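Now for the letters of each chain:
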Amino acid sequence: MEKKLSSLILRSPIGNLEIKGDDTHIFRVSFVEEKRGIDAKDSSSEVILLCARQLDEYFNGLRKSFNLPLKPLGTPFQKNVWDQLILIPYGETAAYIDIAEATGNPRAVRAVGGANHSNPIGIIIPCHRIIGKDGSLTGYGGGLWRKKWLLDHEKKISGKKIL
């Protein structure tokens, strides 16, 4: 039986998120400019609806980790980087060099940056928690203002010092 692909637009405090997946996995969570909200419930899979609920809980300060079946599409190196990103605790940050070292390739700092930029499942795979070695906010596909918002949100909820 062929898996049904579906998507849903979720309104969030930092813009609309499009969640894409099938009946069993989430493939993508990304910012979009569409104006509609959660109005596609009848055509969305249970996994997509679960993802939307968990993201909503995250934005409302009720969730610090996600329990979702993810299937990000990427190279083995990218997937290794994304696996490391998921290990960064809520309310904490890491530098690109930290992730490069965790992948076993400390010279791959630029490649880590590229993999971070290519992360197809934003927020859930927390690429927003990656900062510069000097503690500065660095690039974020959704815009630096969103990165700052996400880090401030986690800092507020966790009570941890982020930067």
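Before reading further, recall that the structure is shown in the block above.
Residues numbered from 1 in each chain as written. Predicted model: local features only at pLDDT ≥ 70, side-chain atom pairs only at ≥ 80, totals over all residues. Heavy atoms only, no water.

1. A look at the sheet that holds strand 2 (residues 16-21)
We count it as follows: Note: two strands are recorded as paired if DSSP finds a minimum of 2 bridges between them. For helices the rule is a DSSP run of H or I covering at least 4 residues; for strands it is a run of E covering at least 2, with both sets numbered from the N terminus onward. To obtain an axis, a line is fitted to C-alpha atoms, over the contacting stretch when the element is a helix, and the angle between two such axes runs from 0 to 180 degrees between their N-to-C directions. The contact definition used throughout considers only heavy atoms, calling two residues in contact when any of these lie within 4.5 Å.
Ordered by their spatial adjacency, three strands build an open sheet running 1-2-3, and the pairing between neighbours is antiparallel. Every other strand in the sheet has two partners, leaving strand 1 (6-10) and strand 3 (26-32) as the edge strands with one partner each. Between one strand axis and the next, the sheet turns by 20° as a mean value, whatever way the strands run. As judged from the five bridges shared by strand 1 and strand 2, these two strands associate in the antiparallel manner. Its bridge partner being in strand 2, Ser7 is matched across the sheet by Lys20. The strands touched by helix 1 (residues 46-59) are strand 1, strand 2 and strand 3; relative to strand 2, the strand with the most contacts, the crossing angle is about 150°.

2. Observations concerning the pairing of strand 3
A regular strand places its side chains so that they alternate between the two faces of the sheet. Note the cut-off: Between buried and exposed lies partly exposed: a residue is buried under 20% and exposed over 50% of the maximum accessible area for its type, with that area taken using a 1.4 Å probe on protein chains only.
Within strand 3, five of the seven residues are buried, which leaves it mostly tucked inside the rest of the structure. Here strand 2 runs beside strand 3; their pairing, made up of six bridges, is antiparallel. Paired with Glu18 across the strands is Ser30, a residue of strand 3. Counting the residues that bridge the hairpin from strand 2 to strand 3 gives four residues.

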